[in-house]
Amino acid sequence: MIRQTRMALSLGIVVLCLAGVVTAQSPVARVMPARQDDKKGSEADDPRPKKTPRDELKDPTDPSPKIKDLLDTKGPNSPAAKASTITLRGRIIARDLPAAAILDVDGRRYTVGQGSVIPAAGGGTVKVIELNAVSIRLELSPGKEVIDLR
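All figures in this text were calculated on a predicted structure; none of them were measured in a lab.

About the criteria used
Counting from 1, residues in each chain are numbered in the order their sequence is written. Only residues with pLDDT of at least 70 get local features here, since the model is predicted, and only at 80 or more are side-chain atom pairs given and counted; chain-wide, interface and lining totals rely on the full set of residues. In computing side-chain properties, one takes all heavy atoms of the structure into account and sets aside hydrogens as well as water. By this definition, two strands are paired if DSSP reports at least two bridges between them. Helix and strand assignments come from DSSP, with helices taken as H or I runs of at least 4 residues and strands as E runs of at least 2, each series counted from the N terminus. Only the contacting stretch of a helix is used when fitting its axis, a line to C-alpha atoms as for every element, and angles between N-to-C directions run 0 to 180 degrees.

A. Representation of the pairing of strand 5 (residues 125-131) within the structure. Pairing of strand 4 (residues 117-119) with strand 5 involves three bridges; the strand directions are antiparallel. For V117, the partnering residue across the bridge sits in strand 5 and is K127. With antiparallel pairing between neighbouring strands as the criterion, strand 4 and strand 5 make up a hairpin whose turn holds five residues, including G122 at a positive phi of roughly 75°. Note that strand 5 and strand 6 (residues 136-140) share five bridges and pair antiparallel.

Below is the structure:
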């Protein structure tokens, strides 16, 4: 009885295998049309998608274009281009007269006293706040910056 069952199962497996081979369909090969790109070489054969600027990672230490414009020290709009060159040439101190000083501002010489206002680069002004035998205190108008010259 076991022998008959084994024979029946073996025969059933053989019949199923033959039925599968007979009814199996051969795979259909797809024919891909030739690409008519202007690109030559490896770029036309590359199946990978093209990288866009959005796909690239941005360096976090690289400043944005707006910050680069603000940090630029060579351009015409830079803070360094607007700054005046101020040089103390001398102090004039007399016993009975108010103190005075000789300043070079952007290559021009001025004789100033306390409270004097002179023009500077970029439309700004330089105002003499304090003038004594030891130092001269100046205020630059665009940023209200105070400078001590000794």
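B. Quick peek at the sheet that holds strand 6. Spatially, the four strands line up as an open sheet ordered 4-5-6-7, and their pairing is antiparallel. The two strands at the open ends of the sheet, each matched to only one other strand, are strand 4 and strand 7 (145-149). Here the strands of the sheet are splayed against their neighbours by 30° on average, with no regard to which way each runs. With five bridges connecting them, strand 6 and strand 7 associate as antiparallel partners.

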